[in-house]
Amino acid sequence: ALWELLNDEPWENNADRDEIALPFVDAAPTIDAEIVVRCKDCKYLVNATVNSNGFLICNVNDMEIAPYDFCSYGECREEKE
């Protein structure tokens, strides 16, 4: 939607574009993002098992996992110092 608004504007030069475009960009809605915990950093990884096909299975959600996968159950493990 933002690009449609910007494309409808009459650009005379880059400075004009910036003066018109920047307020649109500043007013654009943003998302409320959540931090993602990847399987490789999850505290539940230590409890994962390997199934008969050789895939790593998470014991929390019973799904096959890979290091860069994530799920809604993920929690960062505390690093030992």
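Before reading on, note that the structure itself is shown above.
Notes on the structure in this doc start here. Since the structure is predicted, the reported quantities are computational estimates derived from the model, not experimental observations.

Some details on the overall build of the chain
Next, step 1: Of regular secondary structure, the chain possesses two helices and two strands.
Next, step 2: The linear arrangement of helices and strands in the chain, starting from the amino end, is α-α-β-β.
Next, step 3: The long-range fraction of contacts in the chain, counting pairs at least 24 apart against all pairs at least 6 apart in sequence, stands at 44%.
Next, step 4: On the chain, roughly 7,000 Å² of surface is accessible, and the fraction owed to carbon and sulfur atoms is 52%.

Re the pattern of salt bridges
Where charged atoms from two side chains of opposite charge approach closely, those side chains can pair.
Next, step 1: Counting across every chain of the model gives two salt bridges.
Next, step 2: Here K40 and D41 are joined by a salt bridge, their closest N and O atoms 3.3 Å apart.
Next, step 3: A salt bridge links E75 to K43; the shortest N-O distance between them is 3.0 Å. You can see E75 sitting in the segment after β2 (56-57) and its partner K43 sitting in the loop between α2 (14-27) and β1 (49-50), a full 32 residues away along the chain.
Next, step 4: We classify E75 as partly exposed; its relative accessible area is 36%.

Side note on empty space enclosed by the protein
Next, step 1: Inspection of the entire model under this criterion finds one cavity of 30 Å³ or more.
Next, step 2: In this structure, the largest cavity occupies an estimated 100 Å³ of space.
Next, step 3: Surrounding the largest cavity, 14 residues form its lining, C39, C42, Y44, C58 and C71 being those nearest its centre.
Next, step 4: Tallied by class, the residues present in the lining of the largest cavity amount to eleven nonpolar, two polar and one charged.

Some points on the side chain of N61
Next, step 1: Here N61 lies in the segment after β2.
Next, step 2: On the accessibility criterion, N61 (17% relative accessible area) is buried.
Next, step 3: There is a polar contact of 3.0 Å between the side chain of N61 and the backbone nitrogen of M63.

Here is what the cut-offs are and how they apply
- Residues numbered from 1 in each chain as written.
- Predicted model: local features only at pLDDT ≥ 70, side-chain atom pairs only at ≥ 80, totals over all residues.
- Heavy atoms only, no water.
- Helix = DSSP H or I, 4+ residues; strand = E, 2+ residues; numbered from the N terminus.
- Contact = heavy atoms within 4.5 Å.
- Areas by Shrake-Rupley, 256 points an atom, 1.4 Å probe, with all protein chains shown as cover.
- Salt bridge = Lys/Arg side-chain N within 4 Å of Asp/Glu carboxyl O.
- Buried < 20%, exposed > 50% of the residue type's maximum accessible area, 1.4 Å probe, protein only.
- 1 Å grid on protein atoms, 1.4 Å probe; cavity = no way out; pocket = protein on both sides within 12 Å on 5 of 7 lines; lining within 4 Å.
- Points joined across faces, edges and corners; volume = space filled by probe spheres on them.
- Nonpolar A, V, L, I, M, F, W, Y, C, P; charged D, E, K, R; others polar.
- Polar contact = N/O pair within 3.5 Å; in protein donor to acceptor, adjacent residues only side chain to side chain.

Honestly, it's all geometry; don't read function into it.
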